[in-house]
Amino acid sequence: MVEKFLTVPPFECAWREDLKFQEAGRGCVAFDAFACNDVTLVFRENVGSQGYHYKRDSSPHYTIILGSHRNRRLRIEVNGKTVVDEAGVGLCCSNSFQSYWISIYDGFISIGNGKYPFQDVVFQWSDSNPNCNVQYIGLSSWDKHVKYRNVNVLSLTHSLMPLSKRMFFGDYQIEEDDVATYKQLHMDYDKWGLNNFLESWDLSDMIFIVGPEERPVPAHKPILAASGNFNFCSSFVITLPNVSYPILHALLHYIYTGWTQIPHEQLDLLRALSLHFQVMPLVKQCEEVMERFKVDNKLFDTGKNVELTYPCIGPHRSTLPSLPVSIQRLGQLKLSGQYSDVDIYIENYGFVARVHRIVLSLWSIPFAKMFTNGMSESMSSEVTLRDVPPEAFKVMLDFLYDGQLNEKVIDSGSMLLQLLLLADRFGVTFLHQECCKMLLEGLSQDSVCPLLHVVSSIPSCTLVKETLQRRISMNFDYFISASTDFVLLDDTTFFDIVKHPNLTVTSEEKVLNAILMFGMNAKELFGWEVVDQLIINSKPEVLFGERIQLVYDLLSFVRFPLLQHSLLDKLQNSNIVRHIPVLQSLVHEAINFVEHQLGRPENEINARFQHRRSSYKELQYICDGDDHGVLYFAGTSYGEHQWVNPLLAESKKITITASSPHSRYTDPKVLVSRTYQGTCFAGPRLENGHNCSWWMVDLGQDHQLMCNYYTMRQDGSKAFPRHWNIQGSADGKSWRDLRVHENDRTTCKPGQFASWPIVGPNALLPFRYFRVVLTGPTTDTTNPWNFCICYLELYGYFL
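Quick look at the structure, then. All values reported here derive from a predicted model rather than from experimental measurement.

### Quick look at the sheet that holds strand 16 (residues 215-219)
Strands pair in a sheet through their backbones, by hydrogen bonds, and they do so in one of two ways: parallel or antiparallel.
Phase 1: One open sheet holds the three strands; their spatial order is 16-15-17, and the pairing between them is mixed. The sheet terminates laterally at strand 16 and strand 17 (237-240), the two strands that pair on one side only. If you compare each strand with its neighbour and ignore which way they point, the axes differ by 20° on average.
Phase 2: Bridge count for strand 15 (residues 206-210) against strand 16 is five bridges, and the pairing is antiparallel.

If you want it as structure tokens, here you go:
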């Protein structure tokens, strides 16, 4: 659990590499925080230091403080000056993590208290002189430690349209253009819930007969039974001859919506009725208001209504967790089948559960329509569902009764996908959001393409789809070289990836290869040379089939002028160019540009002639101790001046740490000094019960490396390593093996250089952190766990 959250000490600020808006001035950060007060976020144009504190910052920034003044205020500061200071009692929670979100859109700041961005808005403020350059997010604190977890940065669409307006409910699609129909059908999921069934005859199974006029008021047994003690017995009628309708309405309104209002003169009557039916939260609130009135009867104006609101403990408005409905009692009703009115069956499986129509309907508009549309499902006590996975449906039923997704039940990505599809089909939007969140949190490199293949056809998964497309684009080499899963994507999705503005690739040749493989629906990996041979005895129409036009369209996104001249000549004389006119024209254009700087008139703005914004620089291994590696490159400030030790430079470009504390013989700057050192080692430390010795390199938050070669140099000792790994990591915590050395006897002399290639899929993944770690003792029997090297260099594609 310690590794799952980040603790920020007082007067400090944490800056993580992934806490950055995709678009300057526009983004949303969602997070959980554990603090008694002063949860503080800073939004800056540039990254601050760990010891940074917003009170001493003179650069442009926004500061948002939740729970300021001992958890009594909400504050917003612009460049250190307070612009908002609003009452906000109880914004922070000192005994559990609480969820928040903050969005900034060109100076328009929205703050919410809840799991789901763009819902449960607490405060909004617009800066008259907006800072449209803030991009980096710092997690800070004031005078007490604050714990943060589940911190995610989301992009914003160009219209600040809430997420709720872009959702779909199974077969019932909500279009912004159909506002009238939308309102008529009550299909705004942000407002849909139990409140839609208040005093409604739909799905009602009992009635109150109220007052001397005997006014009938419909209600629902499961909801009332989970809210108090209504003692239905065998009757479906409760007669209340001495209760007026406004008093009963106030009680039901509180149960079904979580709040109610009533003249303070009638508070005692409402309390009496609530006590009669044991609706204890309302009884308590009535008594508290009545006590305050006794102390000071001027608190309430005569004739004005008193509002009573149930304290919301869940993120879902109008659904069970935010209402005075006992989840435990409702769960008992589900287990016992008491007051249930429908049996659910699944075709080819059988009986699943006895449930309550009202519970399913308050979460799901499609279920509500199924049970109220006058068709067979609304008349029968049995409903049979088709094409529904039974186990996933049972998990969804549990969610409908308690509003929580049991993570212990979700033991596989396949179950989450099934739940996601069910939530989409039945319009259970909050379950849909929770599944999307869990899928993205548990995402692995190998599951990205299969997941994108599934969600690309689900309109309500637009945000997930965009996230996955961006991930593939930024790691394009890996996803087109590790497997052929990408060819299973639909045409539109692959088209969006190839033209994505964040496409990051080591060579335009890889983009060409990927397009050809996708066009041929390849079952194995290959390059354009294979297609060049196949096309001799075939035609493009046969090779690419129905994807031929897509291939022609995609070829224009390959930046041929960036290819080496020798490769362009090879392409120009190939069979594939002769058979595909579009390709012939593009290659010819590129050669003219490379040889004579002749391009089309608009070549200054044509993307084909421009380097990608996120292009890798190739740092190729030449020989041991050369000056072509990443650490040497960092010592020149990435080619800007003469080399100096990057750990001694005024502005450090990299960081190197060791498993043992800094000392005379454990000195990180030695590894990049390019000077031989007789004694230099990283000593052992205990990790997970085992000895572990390592040297770790941090390239910095703005840089990554796809490592394909590395070099080490032994110090003057004879403690030669035999068992070690080189590993890469994106966060410095989760590590991937890039090369595993078992009984490697390459190093056999003091001061010896040794270099090794890194191959395989992991060589195509970019990492910020790298480390060489001993996995077994060295040849020195005296200190077998000292990792004795005095030089380290990394090579590959640097970003």
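Moving on from the coordinates now.
### Considering unusual backbone geometry
Phase 1: We note that asparagine 150 has phi near 50°; this positive angle belongs to a residue other than glycine.
Phase 2: Locating asparagine 150 in the fold gives a position in strand 12 (residues 146-154).
Phase 3: The residue asparagine 348 is not glycine, and still its phi comes out positive at about 65°.
Phase 4: With respect to the secondary-structure elements, asparagine 348 resides in the loop between strand 20 (342-346) and strand 21 (350-355).
Phase 5: Judged by relative accessible area, asparagine 348 falls into the exposed class, the value being 82%.

### Quick notes on the pattern of salt bridges
Phase 1: In the structure shown here, the tally under the stated rule is 17 salt bridges.
Phase 2: Between arginine 354 and aspartate 343 there is a salt bridge, and its shortest N-O distance comes to 3.1 Å. You can see arginine 354 sitting in strand 21 and its partner aspartate 343 sitting in strand 20, a full 11 residues away along the chain.
Phase 3: When the shortest N-O distance is used, the salt bridge between glutamate 391 and lysine 394 registers 3.6 Å. Linking glutamate 391 with lysine 394, this pair stays in helix 11 (residues 390-402), spanning three residues, or about one helical turn.
Phase 4: Residue classification places glutamate 391 among the partly exposed residues on the basis of a relative accessible area of 45%.
Phase 5: Exposure remark for lysine 394: the relative accessible area of 27% places this residue in the partly exposed category.
Phase 6: Linked through salt bridges whose partners overlap, the residues forming this network are Glu23, Arg26 and Asp106.

### So, helix 14 (residues 448-455)
Phase 1: All of the buried residues along helix 14 are Val448, Cys449, Leu451, Leu452 and Val455. Taken around the axis of helix 14, the buried residues stretch over an arc of 160°, which confines them to a single face.

### Some details on helix 4 (residues 245-257)
Phase 1: In this model helix 4 runs 17 Å from its N-terminal to its C-terminal C-alpha over 13 residues, within 8% of the 18 Å that 1.5 Å per residue would give.
Phase 2: The element helix 4 is largely enclosed, with a buried count of 11 among its 13 residues.
Phase 3: Among all positions in helix 4, only Tyr245, Ile247, Leu248, Ala250, Leu251, Leu252, His253, Tyr254, Ile255, Tyr256 and Thr257 are buried.
Phase 4: Backbone geometry just after helix 4 places glycine 258 at a positive phi near 90°.

### Brief notes about the sheet that holds strand 33 (residues 789-798)
Phase 1: The strand order across the open sheet built from four strands is 23-33-28-31, with neighbouring strands paired in antiparallel fashion. Whereas interior strands pair on both sides, the edge strands pair on one side only; in this sheet they are strand 23 (617-619) and strand 31 (753-757). In this sheet, adjacent strand axes meet at a mean angle of 25° when their direction is disregarded.
Phase 2: Note: strand 28 (residues 705-714) against strand 31, five bridges, orientation antiparallel. Along strand 31, the bridge assignment pairs arginine 713 with phenylalanine 753.

Criteria and thresholds
- Residues numbered from 1 in each chain as written.
- Predicted model: local features only at pLDDT ≥ 70, side-chain atom pairs only at ≥ 80, totals over all residues.
- Heavy atoms only, no water.
- Pairing = 2+ DSSP bridges.
- Helix = DSSP H or I, 4+ residues; strand = E, 2+ residues; numbered from the N terminus.
- Axes fitted to C-alpha atoms, helices over the stretch in contact; angles between N-to-C directions.
- Buried < 20%, exposed > 50% of the residue type's maximum accessible area, 1.4 Å probe, protein only.
- Salt bridge = Lys/Arg side-chain N within 4 Å of Asp/Glu carboxyl O.
- Arc of directions from axis to C-beta.
- Expected span 1.5 Å × (residues − 1).

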